[in-house]
Structures are given as structure tokens and as C-alpha cells.
Amino acid sequence: EAAEAALDAGADPNVRSFAYVDQFGYDTYPALALAAGNGDSAMVSLLLRQPSIDVNKQSGLGKTALSIALALNFDGIVSAITRKGGTGAANAPTS
């Protein structure tokens, strides 16, 4: 997988480099928040295995992977992020 190869090569999983338009508006998201918002549990698991991952890294507008997963009812992703110390539910976006 390309993402795994990039991470193995030293890519920073915490960079907010993706501009995205969704039901919550325009924002930039770190990879974990983007994966959580897409319901991509395999990518979330891959990212959570990275030693340098910041599970509480916020989007440009203050959303965390956890707040996004909570808002979208992705319970398995919520559990995985919470087990790794994820916080940020107070910033949960509303539709």
C-alpha cells in the first residue's frame, strides 16, 4: 500500500496538508482525522501504529479525529482512537 510505504520512508503522519470540503465546511486535516472522517478503519489502524502519531492533532478549525468519528458514529474508530489517548470530543462538528 502506498500510504504504508510512505510512512515507512519517513512521511510525517501529523502534517495537515489536505484541504477538504465536506458537510462541515472547508478545512485542512491531518491524515488521522481524514481517515476517521472517511470511516477507513484500516487506515486509522495503520496511522495509530505510527510511533510519531499525534492522536489529538487538530484540523485547521480545531476538529480532532475523535470528534469527527464521534459526530459520524464510527464507533469502532472512536474506540481505537480513545485507546490511544484520543481526546477532543468538545470540538465535535455538527451537521
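Structure first, text after, so check above.
These figures come from a predicted structure and were not determined experimentally. (Residues numbered from 1 in each chain as written. Predicted model: local features only at pLDDT ≥ 70, side-chain atom pairs only at ≥ 80, totals over all residues. Heavy atoms only, no water.)

Peer 1: What is the right way to read the overall build of the protein from this model?
Peer 2: Scanning the protein for helices and strands turns up 5 helices and 2 strands. Order of helices (α) and strands (β) in the protein, N terminus to C terminus: α-β-β-α-α-α-α. Counting the 95 residues in the protein, one finds 39% classified as buried. For the protein, the proportion of contacts with a sequence separation of at least 24, taken over those separated by at least 6, is 59%. As presented, the protein carries roughly 5100 Å² of accessible surface, and 51% of it is formed by carbon and sulfur atoms. (Helix = DSSP H or I, 4+ residues; strand = E, 2+ residues; numbered from the N terminus. Buried < 20%, exposed > 50% of the residue type's maximum accessible area, 1.4 Å probe, protein only. Contact = heavy atoms within 4.5 Å. Areas by Shrake-Rupley, 256 points an atom, 1.4 Å probe, with all protein chains shown as cover.)

Peer 1: Sorry if this is basic, but what is going on with a negative patch on the surface here?
Peer 2: Residues Glu1, Glu4, Asp8 and Asp40 make up a contiguous surface patch of negative charge. Its location among the elements puts Asp40 in the loop between α2 (31–37) and α3 (41–48). (Patch = residues over 30% accessible without salt bridge, like charges linked within 9 Å, V, L, I, M, F, W, Y side chains within 5 Å. Salt bridge = Lys/Arg side-chain N within 4 Å of Asp/Glu carboxyl O. Lys, Arg positive; Asp, Glu negative; His and termini not counted. Charge placed at Lys NZ, Arg CZ, Asp CG, Glu CD.)

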